[in-house]
Each structure stands twice: as structure tokens, then as C-alpha cells.
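Here's the letter readout for the chains.
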Amino acid sequence: MNEIGLVFDSQGSALYWHLPEGRTATSLPDSRTLWEILWQHRAELGGFAHTHPWRGRPDPSMTDITTFEALELGLGRQLLWPIVTLDEINYFARREQHAHETTAPHGKVDYVSIDPPIRLSDSDIRRLRELSTT
Amino acid sequence: MQQNQARLNITINGQNGDFPDPVAFALSDTEIKRIAAEAIRTGYVPGIDPVAADLAYFVVDRFSATREMPARLMLRPKTPFGEPQR
């Protein structure tokens, strides 16, 4: 079991399957190669999906959230962040925090599960799960 | 540029630019991020609009000098889902 990732475009179509050396069941290593792909495709980018290779509700970890935030700051645009477990998928997106709200774990922004404007195809979701378990 | 110096390249807000001055290659990531944050905030980096930015979750890629290129430090956001060095 290993986490993997998928870069997809603004229509939800796969651009790049991310299966780096050093991935584990709970982490993907930082990758200059992945950054160059994200930067190269920034104009057409829809988001980045990754797996949590177990069953149950997909929720982002603190590392997930700080990465969402950093990448959106670097790329200058908001993205969609699907998290896929072996039996569920949730799509996360940035929600701006109002001054009186204090629920964001990292402070300024929060990422919430949404009904997404685009979705990954069933075949890509299936492949994410297959590649995470082989 | 002296042997122990590097060109600092910064990417933020979909923009990319070089810090105008050479910096010491041996600076820590924390020090590089401090310099970059101040430069970005004050509009000192050509090609990058001024903005107050928290670079805590950015990382520094380090490339030694080659015959053709000076040493380079490249500041970018971490990717899914690595952690920056402190």
C-alpha cells in the first residue's frame, strides 16, 4: 500500500501520474520533478488528487493542508484537491476565513469538502486505487 | 559573482523572478526565506508583484555552479506532500 498522486487538468483529465521513489502508505516525498510539471501545466491545471490507501472517510492531514496552501500561493491560483480512499472520495477546495471564524487549523484559510465543478473519471479513480495497492 | 555565491530565483503567485543581488550559497533555508519574503514584500524582485507572503511551507532547491551556469538557489512551494527543512 502506498500513496500516489495524479495531476489533472481543468476538465478533470489526467495529465501526470505521480508515483515517486520513496513514497509510503502515509506520505509522498517532496519532488522537484512534480513541481516542474505543475509549473509547466499551470495554465490548464485543475488540481492534484492523492490517495489515502485505506478504507474510510477521506480527510486531509495537516501536511496536506499546508501543501495545498503553499502550492496555491506558488502557482497564484486555487486548485481542487481530491482525496481518494479505497472506498470513498472527497473533493477539497479553499474557503476563505472570515475574521470571526477560528476553525481553520492553520489559521488563515480552510479547506472544505465541496460538490466539485469537475470530477475525476471513474476509470482514473479506479486506477488511483489499483496503483496504491499494487 | 564570487565562488561561494548563488543566484536566488523565486516563484510565487504564478510569477517568477531573480533576486537582483547574489546571495551566499551556504545560507540556511530559513535565512533564504527571510530574505525572499522581505524582497517580495517590498517589490525588490523584478517580475514579481509586491505581496506579503508566508513562505513557511516553501522549499529551496540548491544547484551547484557548472561551467555554463552560476550556482542557483530556487525557492518554490513544497509539493504534495513533502515537508520543508527547518
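Residues numbered from 1 in each chain as written. Chains lettered and ligands numbered in written order. Predicted model: local features only at pLDDT ≥ 70, side-chain atom pairs only at ≥ 80, totals over all residues. Heavy atoms only, no water.

Draft legend 1. Main features of the overall build of chain A. When helices and strands are counted, chain A shows three helices and six strands. Starting at the N terminus, the α and β elements of chain A follow one another as β-β-α-β-α-β-β-β-α. Computed over C-alpha atoms, the radius of gyration of chain A comes to 14 Å, within 12% of the 14 Å expected from 2.2 N^0.38 for 134 residues, which places it in the range of a compact globule. When the backbone C-alpha atoms are referred to their principal axes, chain A occupies close to 45 × 35 × 30 Å. Total accessible area computed for chain A in this model is approximately 6,400 Å², and 48% of it derives from carbon and sulfur atoms. Counting 13 positive and 19 negative side-chain charges, chain A places the averaged centre of each group 1 Å from the other. (Helix = DSSP H or I, 4+ residues; strand = E, 2+ residues; numbered from the N terminus. Rg over C-alpha atoms; globule rule 2.2 N^0.38 Å. Areas by Shrake-Rupley, 256 points an atom, 1.4 Å probe, with all protein chains shown as cover. Lys, Arg positive; Asp, Glu negative; His and termini not counted. Charge placed at Lys NZ, Arg CZ, Asp CG, Glu CD.)

Draft legend 2. Highlighting the confidence of the model for chain A. With 91% of its residues at a pLDDT of 70 or more, chain A has an overall mean of 91. Mean pLDDT per element in chain A: strand β6 (residues 109-114) of chain A is the minimum at 90, and strand β4 (residues 81-84) of chain A is the maximum at 98. (pLDDT = per-residue confidence, 0-100.)

Draft legend 3. The sheet that holds β6 of chain A, seen in detail. Residue and element names in this part refer to chain A. Strand order in the open sheet made by the six strands is β2-β1-β3-β4-β5-β6, with mixed pairing throughout. The sheet is open, and its two edges are formed by β2 (14-18) and β6, each paired on a single side. Averaged over all pairs of adjacent strands, the angle between strand axes in this sheet comes to 25°, irrespective of strand direction. Two strands pair when backbone bridges link them, and strand β1 (residues 5-9) and β2 are joined in this way by four bridges, in the antiparallel orientation. Bridge pairing in β2 links G5 to H18. (Pairing = 2+ DSSP bridges. Axes fitted to C-alpha atoms, helices over the stretch in contact; angles between N-to-C directions.)

Draft legend 4. Representation of the interface of chain B and chain A. Taken together, the contact pairs 22 residues of chain B with 27 residues of chain A. For the pair chain B and chain A, the summed buried surface comes to about 2,000 Å²; carbon and sulfur atoms form 64% of the total. Contact with chain A buries surface across chain B, with T79, P80 and F81 of chain B losing the most and accounting together for 35% of the total. Counting across the chain B and chain A interface gives two salt bridges. The shortest N-O distance in the salt bridge between D61 of chain B and R32 of chain A comes to 2.6 Å. Where chain B meets chain A, there are 10 residue pairs in polar contact (both at pLDDT 80 or more). The set of elements that each furnish at least two residues to the side of chain B that touches chain A consists of β1 (5-12), β2 (15-18), β4 (58-63) and β5 (72-77) of chain B. At four residues, the largest contribution of residues to the side of chain B that touches chain A is made by β4 of chain B. (Contact = heavy atoms within 4.5 Å. Buried area = accessible area lost by both parts, 1.4 Å probe. Salt bridge = Lys/Arg side-chain N within 4 Å of Asp/Glu carboxyl O. Polar contact = N/O pair within 3.5 Å; in protein donor to acceptor, adjacent residues only side chain to side chain.)

Draft legend 5. View of the pairing of β1 of chain B. All names here are of chain B. Taking burial as the measure, the eight residues of β1 include six buried ones, the bulk of the element. The pairing of β1 with strand β3 (residues 23-24) spans two bridges and is classified as antiparallel. From the neighbouring strand, Q5 faces β3, where its bridge partner is A24. In this sheet, β5 lies alongside β1 in parallel orientation, the contact comprising four bridges. From the neighbouring strand, I10 faces β5, where its bridge partner is L75. The sheet contact formed by β1 and β2 spans four bridges and is antiparallel. Residue pairing across strands places N9 opposite D18, the latter belonging to β2. A loop of two residues connects β1 with β2, the two strands running antiparallel in sequence, and N13 in this loop sits at a positive phi of about 55°. (Buried < 20%, exposed > 50% of the residue type's maximum accessible area, 1.4 Å probe, protein only.)

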